[in-house]
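Letter by letter, the chains look like this.
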Amino acid sequence: MAPSLPIEGSLFEAQTVKSDIPIEDGTLCLWQPLLSSDESETLFAQLSSTLNWRQDEMMIAGKRTPIPRLQAWYGDAGSQYGYSGIALPPLSWTKALLQIKQTIETITQQRFNSVLANYYRNGQDSVSWHQDNEPELGQNPIIASLSLGETRQFQLRHTKGKYPTIKLNLPHNTLLLMSGSTQKNWQHQIPKTKKAVGPRINLTFRLIQN
Ligand SMILES: O=C(O)CCC(=O)C(=O)O
């Protein structure tokens, strides 16, 4: 059950509104705005300048190709993660990441031990259709996804094509929780856009089960 607001020592806003997003074969929930306006602006600036952003590469048709975004992986020691041949050893939590993790754990009543941070520099940066269903995330992965900066569209498509694609705009300071069987039954992506858009940071908190 979500705690009553506000909670002393937590960052999140007294005005936060929680809404369930209707979806078949999964569970989606949105909190908005998560932080006060000042806190969210400060967090965006801090993360932009202090996280250890890296440009990873993937093998596509036998060629090393840069992925269309920057990323960084932070977590508890041992929370090793990887996908598509990219190994991500965890960096130690920064103070800002630990504080926002605690806020998100309080509001969602879930525990997380790692975060994949994505930095979308402009509309040409993206993440293509995938499920966060690596074995180290367990049976029904719970992913808490905080959006900061420019609004981008988040899309979900059913793996068996049973339902229409869901399109959600994720504005600055929005927390999306994907749980239940969402990762089993739905893929998600952030498509490229031709619109002139500025940078966006997305933090996806996860629980690696070793
Ligand atoms: O940027 C987003 O909102 C989604 C990121 C994502 O799909 C991922 O990190 O697995």
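Here's a quick rundown of the structure. Source: prediction; values computed, not measured.

Conventions used here
Residues numbered from 1 in each chain as written. Predicted model: local features only at pLDDT ≥ 70, side-chain atom pairs only at ≥ 80, totals over all residues. Heavy atoms only, no water. Phe/Tyr/Trp six-rings, centres within 6.5 Å; stacked < 30°, edge-to-face > 60°. Helix = DSSP H or I, 4+ residues; strand = E, 2+ residues; numbered from the N terminus. Buried < 20%, exposed > 50% of the residue type's maximum accessible area, 1.4 Å probe, protein only. Lys NZ or Arg CZ within 6 Å of the ring centre and 35° of its normal. Salt bridge = Lys/Arg side-chain N within 4 Å of Asp/Glu carboxyl O. Expected span 1.5 Å × (residues − 1). Arc of directions from axis to C-beta. Contact = heavy atoms within 4.5 Å. Pairing = 2+ DSSP bridges. Axes fitted to C-alpha atoms, helices over the stretch in contact; angles between N-to-C directions. Near = heavy atom within 4 Å. Polar contact = N/O pair within 3.5 Å; in protein donor to acceptor, adjacent residues only side chain to side chain. 1 Å grid on protein atoms, 1.4 Å probe; cavity = no way out; pocket = protein on both sides within 12 Å on 5 of 7 lines; lining within 4 Å. Sits in = over half its atoms within 2 Å of the grid points. Nonpolar A, V, L, I, M, F, W, Y, C, P; charged D, E, K, R; others polar.

**Some points on the packing of aromatic side chains**
Taken as a whole and judged by the stated rule, the model has 4 aromatic pairs. Residues tryptophan 53 and tyrosine 119 carry aromatic rings whose centres are separated by 5.2 Å and whose planes lie at 50 degrees to one another, so their mutual orientation is tilted. Of the two residues, tryptophan 53 is situated in the loop between helix 1 (37-50) and strand 3 (57-60) and tyrosine 119 in strand 8 (residues 114-120); the sequence distance between them amounts to 66 residues. Judged by relative accessible area, which is 15%, tyrosine 119 ranks as buried. Here tryptophan 93 and phenylalanine 205 contribute two aromatic rings whose centre-to-centre distance is 6.5 Å and whose plane-to-plane angle is 10 degrees, an arrangement assigned as stacked. Linking tryptophan 93 in the loop between strand 7 (86-88) and helix 2 (95-108) with phenylalanine 205 in strand 15 (residues 200-206), this pair joins segments that are 112 residues apart in sequence. Residue class for phenylalanine 205 comes out buried when judged on its relative accessible area of 0%. A cation over an aromatic ring shows up here: lysine 101 above the ring of tryptophan 93, its NZ or CZ 5.5 Å from the ring centre.

**As for the pattern of salt bridges**
Tallied over the entire structure, the rule returns 6 salt bridges. Here aspartate 25 makes a salt bridge to lysine 162, at a shortest N to O gap of 3.6 Å. One end of the pair, aspartate 25, is in the loop between strand 1 (17-21) and strand 2 (27-32); the other, lysine 162, is in the loop between strand 11 (152-158) and strand 12 (166-170), with 137 residues separating them in the sequence. For aspartate 25, a relative accessible area of 27% gives the class partly exposed. A salt bridge links arginine 54 to aspartate 56, with the shortest nitrogen-to-oxygen separation between them at 2.7 Å. Residue classification places arginine 54 among the partly exposed positions, given a relative accessible area of 28%. We classify aspartate 56 as buried; its relative accessible area is 9%.

**Some remarks on helix 1**
Compared with the 20 Å implied by 1.5 Å per residue over 14 residues, the 20 Å span of helix 1 between its first and last C-alpha is a close match. The set of residues buried in helix 1 consists of Ser40, Leu43, Phe44 and Leu47. Across the axial projection of helix 1, the buried residues extend over an arc of 100 degrees, all falling on one side. Among the exposed residues of helix 1, those oriented more than 90 degrees off its buried face are Asp38, Ser49 and Thr50. Those residues of helix 1 hidden inside the fold are in contact with helix 2, strand 10 (143-149) and strand 15.

**Brief notes about the environment of cysteine 29**
Inspection of the secondary structure assignment puts cysteine 29 in strand 2. Owing to a relative accessible area of 7%, cysteine 29 belongs among the buried residues under this scheme. As a C-alpha pair, cysteine 29 and leucine 175 span 146 residues in sequence and 8.2 Å in three-dimensional space. If we ignore the near neighbours within four places in the chain, the residues touching cysteine 29 are Lys18, Ser19, Asp20, Leu175, Leu176 and Leu177.

**Details of the sheet that holds strand 14 (residues 186-190)**
With respect to topology, 4 strands assemble into an open sheet ordered 9-14-11-12, the strand pairing being antiparallel. The sheet terminates laterally at strand 9 (127-130) and strand 12, the two strands that pair on one side only. Adjacent strand axes in the sheet meet at a mean angle of 15 degrees when their direction is disregarded.

**Here's the deal with the site of the ligand**
Lining the immediate environment of the ligand, one finds 13 residues, of which Asn118, Tyr120, His130, His188 and Arg200 sit closest. In the environment of the ligand, an oxygen atom lies 3.0 Å from a nitrogen or oxygen atom belonging to the side chain of asparagine 118. At 3.0 Å from an oxygen atom of the ligand is found a side-chain nitrogen or oxygen belonging to histidine 188. Using a 2 Å cut-off from the grid points, one finds that the ligand occupies the largest pocket. For the shell around the ligand, the elements supplying multiple residues, two or more each, are strand 8, strand 9, strand 14 and strand 15. Classifying every residue of the shell around the ligand gives 5 nonpolar, 5 polar and 3 charged.

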